[in-house]
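Examining the three-dimensional arrangement
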Amino acid sequence: MSAATVGIPRALAYYLYFPRWRAFLNELGVNVVTSGLSNRQMLDDGVKEALAEACVPIKLYYGHVLSLKDKADYIFIPRLYCLNSQTLYCPKFLGLPDMIKHSLSHLPPVIDTMFNNRSKGFLARRTELAKSFFELGSKFTNDKLKILKAFYRSLTTEHRYLELLQSGLLPNQAITVLGGAKNTDTVYAEGSLKFAVLGYPYHLYDDFINVGVLTKLRRLGVQVVTTENLSPAVLVRQKHQYPKDMFWTFSDRAFRSALHFFQEGRVDGVIYVTAFGCGPDAMVYRMIEMESKKYPHIPFMILMIDEHSGEAGISTRLEAFTDMVRRRKKGV
Ligand code: SF4
């Protein structure tokens, strides 16, 4: 019998968790295919199928799922709720498998494993995580030892992935390296300026959705650092700055990393990329903007993206911002 193939959309949580999912499934002998890079056709397909009021990343996710329809035996759409006992994923992540199953027809079976690791203790949380992976693995084998081995492989892969990110690679580059290829992407080479570019991972690392913000900055001679390059310890330290966590996971990470970059003062500018129609982010980018006023020596800019974002508009704003920072730095 030939091995099953699982399709994983290259969108939303892909940028954080794809390596661990792929490692786990491959260890079980399951093939993994991903959708291609985001493109206009995917977004148009998603816009047709998703609710009009959905945010751009959700619409695009629909397009990614549709592009996998005939390429996989299953589509993996995890139901992400909580992975750290403190903050939650946006409700759209929780409802994503249901939204997809009820609006798209003729899909292969959807695997919607729930990830809800809310226990306080590390060991209890690890056990909860193992349970989710056992549920996922049991779709393909009854051999519990094999699933345990695959779970271990997913953890070691995750560890390596985080190491690569903390060494300065960004998710797409680190995923390339983990896949056995050499990272030839020089997008983030050293430049004369260094910007922290912040926002939800699927806003930042999807060149289509953000109209190539990171690539454009490279061309302007800017080195980019992001939340994913920070060690978890840095973000935990920031927890003492504010009495409460943010409710939503990606908001919490974005806000705390913004505080870190402002306080540390080692970047020449901070850019926050947000998506039109994102409820959770609507408050966060305003909070970061207020925080930025305490650090007037670090220029700050918000870039809002939507399905109509134009290349020229984004380029002009990035060029103007970079030019202004460069002049300030030279004291012109
Ligand atoms: S956090 Fe915002 S952008 Fe992300 S899925 Fe939720 S509403 Fe959409």
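You'll find the structure just up there.
Nothing here was measured: the structure is a model prediction, and the numbers come from that model.

**Digging into the overall build of the protein**
If you tally the helices and strands in the protein, you get 13 helices and 10 strands. Relative to the 2.2 N^0.38 estimate, which gives 20 Å for 332 residues, the radius of gyration of the protein is 20 Å and therefore close to what a compact globule would have. With the C-alpha coordinates of the protein rotated into their principal frame, the extents come out at 70 × 45 × 40 Å. Counting only residues that meet the buried cut, the protein has 53% of its 332 residues in that class. Sequence-distant contacts, at least 24 apart, represent 71% of the contacts inside the protein between residues at least 6 apart. With an accessible surface of roughly 15,200 Å², the protein has 54% of that area assigned to carbon and sulfur atoms. Side chains of the protein give 42 positive and 31 negative charges; the mean places of these two sets differ by 5 Å.

**Points about the sheet that holds strand 8 (residues 222-225)**
Spatial ordering of the open sheet is given by 8-7-9-10, a layout of 4 strands whose pairing is parallel. The sheet terminates laterally at strand 8 and strand 10 (300-305), the two strands that pair on one side only. Between one strand axis and the next, the sheet turns by 30° as a mean value, whatever way the strands run. Relative to strand 8, strand 7 (residues 193-199) runs parallel, the two being bridged by 4 bridges. Bridged to Phe195 within strand 8 is Val224. The sheet contacts of helix 13 (residues 311-330) involve strand 7, strand 8, strand 9 (269-275) and strand 10, and relative to strand 10 the element is tilted by about 175°.

**Thoughts on the packing of aromatic side chains**
Throughout the structure, instances matching the rule amount to 20 aromatic pairs. For the ring pair Tyr200 and Phe250, a centre distance of 5.7 Å and an interplane angle of 45° mean the geometry is tilted. Placement of the pair is Tyr200 in the loop between strand 7 and helix 8 (201-204) and Phe250 in helix 11 (residues 249-264), with a sequence separation of 50 residues. Both residues of the pair, Tyr200 and Phe250, belong to the buried class. Through a chain of ring-to-ring contacts, the aromatic side chains of Tyr89, Phe93, Tyr200, Tyr202 and Phe250 assemble into a single cluster.

**Describing the packing of helix 5 (residues 122-137) against helix 6 (residues 144-166)**
For the pair helix 5 and helix 6, interaxial distance at closest approach is 10 Å and the crossing angle is 120°. Our classification of the angle between helix 5 and helix 6 gives oblique. Here helix 5 and helix 6 pass one another in a crossing that is right-handed. Touching Arg126, Leu129, Ala130, Phe133, Phe134 and Gly137 of helix 5 are Lys144, Ile147, Leu148, Phe151, Ser154 and Leu155, all from helix 6. Residues belonging to the contact of helix 5 with helix 6 are distributed by class as follows: 8 nonpolar, 2 polar and 2 charged.

**With respect to the sheet that holds strand 3 (residues 74-76)**
Across a sheet, strands are paired by hydrogen bonds formed along the backbone, either parallel or antiparallel in direction. Pairing within the open sheet is parallel, and its 4 strands lie in the order 2-1-3-5. Lying at the two open borders of the sheet, with one neighbouring strand each, are strand 2 (31-34) and strand 5 (110-111). Note: strand 3 against strand 5, 2 bridges, orientation parallel. Note that in strand 5 the partner of Ile75 across the bridge is Val110. Where helix 1 (residues 14-27) meets the sheet, it contacts strand 1 (5-8), strand 2 and strand 3, and its direction lies at approximately 155° from that of strand 2.

Quick notes on the rules
- Numbering of residues starts from 1 in every chain and runs along the sequence as written.
- Owing to the predicted nature of the model, reporting of local features is limited to residues with pLDDT of at least 70; listing and counting of side-chain atom pairs is limited to 80 or more, with chain, interface and lining totals taken over all residues.
- Based on all heavy atoms of the structure, the side-chain values leave hydrogens and waters out of the count.
- By definition, any uninterrupted DSSP run of H or I lasting at least four residues is a helix, any uninterrupted run of E lasting at least two residues is a strand, and each is numbered from the N terminus.
- The atom set for the radius of gyration is the C-alpha atoms, and the globule formula is 2.2 Å times the number of residues raised to the power 0.38.
- Burial classification: accessible surface area is computed with a 1.4 Å probe over protein chains only, and a residue below 20% of its type maximum counts as buried, one above 50% as exposed, and the rest as partly exposed.
- Two residues form a contact once any of their heavy atoms are found within 4.5 Å.
- Surface accessibility in these figures is a Shrake-Rupley result with a 1.4 Å probe; residues are shielded only by whichever protein chains are displayed.
- Working convention for charge: Lys and Arg count positive, Asp and Glu count negative, and His plus the chain ends are omitted.
- Lys charges are placed at NZ, Arg charges at CZ, Asp charges at CG and Glu charges at CD.
- Here, any two strands with at least 2 DSSP bridges between them count as paired.
- All axes are obtained by fitting lines to C-alpha atoms, using only the stretch in contact for helices, and the reported angles, taken between N-to-C directions, cover 0 to 180 degrees.
- Pairing of aromatic rings covers Phe, Tyr and Trp, the last counted by its six-membered ring, and requires centre-to-centre distances within 6.5 Å; plane angles under 30 degrees mean stacked, over 60 mean edge-to-face, and any other angle means tilted.
- If an angle is under 35 degrees, it is roughly parallel; if it is over 145, roughly antiparallel; if it lies from 65 to 115, roughly perpendicular; otherwise it is oblique.
- Crossing chirality is assigned from the near helix's rotation relative to the far helix, an anticlockwise turn below a right angle marking it left-handed and a clockwise turn marking it right-handed.
- Three classes are used, and their members are as follows: Ala, Val, Leu, Ile, Met, Phe, Trp, Tyr, Cys and Pro are nonpolar, Asp, Glu, Lys and Arg are charged, and the others, Gly among them, are polar.

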